[in-house]
Amino acid sequence: MLYYISIFLHIILAAFWIGGMLFLPLVVLPGLRQHPDRTAILYQTGVKFRFYGWIVLLLLLITGLGNWYFRGLPFEFSFLFKSEYGTLLGYKLLLFSCVLIISAVHDFYIGEKAIGQMQNSSKSRLKVIARWSGRINLLLSLCIAFIGVVLSRGGWAG
Ligand code: HEM
C-alpha cells in the first residue's frame, strides 16, 4: 500500500511541476500581454509558483526515493551502477540535479533581476535568459518523466 501511495503522490507532484511550467508560458504570459500591471502580476505569479515549486521538488525527491525503496530494489548507491534499471535511475537523478541547479539560478538570481530590468524597459536581456532557462527546465523535466514511465514498467528490458 505504501508503494502505491508513493507512486500516486509522485505522479500528482510531477503533474503539478510540469503542468505549472506549461501553464505559465502558454496561459499566463499571453493572457497578460496587454495588461497594464503585467510585470507586477508576473512577479507575484512567479514568486507564488517558486514557493510551491521548491516544496514540490523536495517531495518529488522524497516520493522518488520512496518508489525506489518500496519497489523492493537494493536501496544503495552502488545499485545505480549495477543494473540497467539502476543506470536509468542514475540518469534520472542526474537530470533531476540539473533541474535543481537551473531552478535555483532562475528563481533566486536571473528571475529576480529580469523582473527588475523589465520594470525599467521591456527590452531585457535577462528576461530572455530567464525564459530560456525555464524552457530548458521544462525539457529536462519531460525527459525525467519519460524515464520515470520506463522505470515504472521495469526499465527497457521491462
Ligand atoms: C522533476 C522530477 C520528477 C518527475 C517529473 C518524475 C516523474 C515520474 C513519473 C511520471 C513516473 C512514472 C509513474 C508511473 O508510470 O507509474 C516516475 C516514476 C519513478 N520515479 Fe520519478 N519523477 C521525478 C523525480 C524523481 C526522483 C528525484 C526520483 C529518485 C529519487 C524518482 C524515482 C522514480 C522511480 C523509482 C520511479 C518508478 C516507480 C515504480 O513504478 O516503481 N523520480 N517518476
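Just so it is clear, the model here is predicted, and its values are computed rather than measured.

Attention now moves to a nonpolar patch on the surface. Together, Met1, Leu2, Tyr4, Ile5, Phe8, Leu9, Ile12, Leu61, Leu65, Tyr69, Phe70 and Phe75 line one region of the surface with nonpolar side chains, adding up to about 1,200 Å² of accessible area. At the level of elements, α1 (2-32) and α2 (38-70) are the ones that each hand at least two residues to the nonpolar patch. Looking at the nonpolar patch element by element, the count peaks at six residues for α1. One can find Leu2 in helix α1. Leu2 sits in the exposed class, given a relative accessible area of 53%.

Moving on, we come to the coordination of the iron atom of the ligand. The iron atom of the ligand binds to the protein through His10 (NE2) and Lys92 (NZ); the donor distances cover 1.9 to 2.0 Å. What the six donor atoms of the iron atom of the ligand show is an angle range of 79 to 178° at the metal, which sorts the shape as octahedral. Of this pair, His10 sits in helix α1 while Lys92 sits in helix α3 (residues 84-120), and the two are 82 residues apart along the sequence. Taking the relative accessible area as the measure of exposure, His10 reaches 14% and is therefore buried.

Cut-offs used in this document
Residues numbered from 1 in each chain as written. Predicted model: local features only at pLDDT ≥ 70, side-chain atom pairs only at ≥ 80, totals over all residues. Heavy atoms only, no water. Patch = residues over 30% accessible without salt bridge, like charges linked within 9 Å, V, L, I, M, F, W, Y side chains within 5 Å. Areas by Shrake-Rupley, 256 points an atom, 1.4 Å probe, with all protein chains shown as cover. Salt bridge = Lys/Arg side-chain N within 4 Å of Asp/Glu carboxyl O. Helix = DSSP H or I, 4+ residues; strand = E, 2+ residues; numbered from the N terminus. Buried < 20%, exposed > 50% of the residue type's maximum accessible area, 1.4 Å probe, protein only. Donors = N, O, S within 2.8 Å, 3.2 Å for Na, K, Ca; no water. Tetrahedral: all angles 85-135°; square planar, octahedral: opposite > 155°, others 65-115°.

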